[in-house]
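Descriptive structure summary
Single-letter residue listing:
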Amino acid sequence: DTEVTQTPKHLVMGMTNKKSLKCEQHMGHRAMYWYKQKAKKPPELMFVYSYEKLSINESVPSRFSPECPNSSLLNLHLHALQPEDSALYLCASSHILSGWVGELFFGEGSRLTVL
Amino acid sequence: QQQVKQSPQSLIVQKGGISIINCAYENTAFDYFPWYQQFPGKGPALLIAIRPDVSEKKEGRFTISFNKSAKQFSLHIMDSQPGDSATYFCAASSPAGGTSYGKLTFGQGTILTVHP
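Summarised in this report is the structure supplied together with it. Since the structure is predicted, the reported quantities are computational estimates derived from the model, not experimental observations.

**Some details on the environment of Ala92(A)**
All names here are of chain A.
- Here Ala92 shows up in strand 9 (residues 87–94).
- Of the residues examined, Ala92 reaches a relative accessible area of 0% and is grouped as buried.
- Excluding its chain neighbours within four sequence positions, the residues that come into contact with Ala92 are Ala31, Met32, Tyr33, Leu104, Phe105 and Phe106.

**Topic: the interface of chain B and chain A**
- Counting residues at the interface gives 22 residues for chain B and 25 residues for chain A.
- Carbon and sulfur atoms make up 60% of the surface buried where chain B meets chain A, a total of about 2,000 Å² over both sides.
- Inspection of the region where chain B meets chain A yields 2 salt bridges.
- For Glu58(A), the salt bridge identified is with Lys103(B), shortest N-O distance 2.9 Å.
- The interface formed by chain B and chain A includes 4 residue pairs in polar contact (both at pLDDT 80 or more).
- For the side of chain B that touches chain A, the elements supplying multiple residues, two or more each, are strand 4 (33–38), strand 9 (86–93) and strand 10 (104–106) of chain B.
- Residues that form the side of chain B that touches chain A fall into these classes: 10 nonpolar, 9 polar and 3 charged.

**Considerations on the pattern of salt bridges**
- Overall, the coordinates contain 9 salt bridges over all chains when judged by the stated rule.
- Residues Lys42(B) and Glu108(A) are paired through a salt bridge, measuring 2.8 Å at the closest nitrogen-oxygen approach. Taken together, the positions of Lys42(B) in the loop between strand 4 and strand 5 (45–50) and Glu108(A) in the loop between strand 10 (105–106) and strand 11 (110–114) put the pair across two chains.
- With relative accessibility at 37%, the residue Lys42(B) sits in the partly exposed group.
- Using a relative accessible area of 34% as the deciding quantity, one classes Glu108(A) as partly exposed.
- Its salt-bridge partner being Arg61(B), residue Asp84(B) comes within 2.8 Å of it at the nearest N-O pair. Placement of the pair is Asp84(B) in the loop between strand 8 (72–77) and strand 9 and Arg61(B) in the loop between strand 6 (56–59) and strand 7 (62–67), with a sequence separation of 23 residues.
- For Asp84(B), a relative accessible area of 5% gives the class buried.

**Details of the side chain of Gln37(B)**
Residue and element names in this part refer to chain B.
- Assignment of secondary structure puts Gln37 in strand 4.
- Residue Gln37 is classed as buried on the basis of its relative accessible area of 13%.
- Within the structure, Gln37 has its side chain in polar contact with the side chain of Tyr88 (distance 2.9 Å).
- The residues contacting Gln37, other than those within four sequence positions of it, are Gly43, Pro44, Ala45, Leu47, Asp84, Ala86, Thr87 and Tyr88.

**Some details on the sheet that holds strand 1 (residues 4–7) of chain B**
Residue and element names in this part refer to chain B.
- An order of 1-3-8-7-6 is seen for the 5 strands of this open sheet, with the pairing classed as antiparallel. Because the sheet does not close on itself, it has two edges, and the strands there are strand 1 and strand 6. Along the sheet, successive strands turn relative to each other by an average axial angle of 15 degrees, direction set aside.

**Digging into unusual backbone geometry**
- A cis geometry characterises the amide bond from Thr7(A) onward to Pro8(A), with omega recorded as -10 degrees.
- By secondary structure assignment, the location of Pro8(A) is in the loop between strand 1 (4–7) and strand 2 (10–13).
- In this chain, Ser7(B) is followed by Pro8(B) through a cis amide linkage whose omega measures -5 degrees.
- Position of Pro8(B) relative to the elements: it lies in the loop between strand 1 and strand 2 (10–14).
- Even without a glycine there, the phi angle at Ala80(A) is positive, about 55 degrees.

**Thoughts on the sheet that holds strand 3 (residues 18–25) of chain A**
All names here are of chain A.
- Spatially, 4 strands are ordered 1-3-8-7 in an open sheet, and the strand pairing comes out antiparallel. A single partner strand is all that each edge strand has here, and the edge strands are strand 1 and strand 7 (64–70). Pairwise comparison of adjacent strand axes, ignoring direction, gives a mean angle of 20 degrees for this sheet.
- Pairing of strand 7 with strand 8 (residues 73–79) involves 5 bridges; the strand directions are antiparallel. Note that in strand 8 the partner of Phe64 across the bridge is Leu78.

Quick notes on the rules
- Residues numbered from 1 in each chain as written.
- Chains lettered and ligands numbered in written order.
- Predicted model: local features only at pLDDT ≥ 70, side-chain atom pairs only at ≥ 80, totals over all residues.
- Heavy atoms only, no water.
- Helix = DSSP H or I, 4+ residues; strand = E, 2+ residues; numbered from the N terminus.
- Buried < 20%, exposed > 50% of the residue type's maximum accessible area, 1.4 Å probe, protein only.
- Contact = heavy atoms within 4.5 Å.
- Buried area = accessible area lost by both parts, 1.4 Å probe.
- Salt bridge = Lys/Arg side-chain N within 4 Å of Asp/Glu carboxyl O.
- Polar contact = N/O pair within 3.5 Å; in protein donor to acceptor, adjacent residues only side chain to side chain.
- Nonpolar A, V, L, I, M, F, W, Y, C, P; charged D, E, K, R; others polar.
- Pairing = 2+ DSSP bridges.
- Axes fitted to C-alpha atoms, helices over the stretch in contact; angles between N-to-C directions.

This is how it looks when you write it as structure tokens:
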């Protein structure tokens, strides 16, 4: 099983809503990532979890709140977002290898629209 | 110094032709150079990757050429097919020091269109 599953595939929310994006993998990967991707742009790293602990926060606004309940699950809680936060949110996972990042397996993404 | 510069932004190739995408980097600490392929509505998927101890790596129709002294690497797609039409991202990462992972720095992407 080499899949990273993300739900929902599409999400529309207002600026006052609270919603969550979910990600699941069963490849035994101990690193999980959230990326944000705008149209025709490369993915931008937001957060990295290593062994279920937050290890990198790329200065992401607090209206994005990540959570890693266990080694297979990764959530991104959304609150009071702005229209400019509309984007494709990608989850990825990888093995933790000695000294370098292993192959990242990406999900298909959750397309978020903030009205 | 963390940038990876990718060119061209878009590329149109006839079926059967060779597609070439180039990337350049500044950070000499980078030691892992993957290429990702992304189809519309999908997440990126690893296509091929290289470490700087080799100058070339080939997997099927896809070849990475790596020039360490010039700090450049490129993707060659031989016998390009319409199914290769996608966005291609080069990337680079450096050793993570005391941690067990590194950040990937992506190039800006190349939209490849292969005409039948």
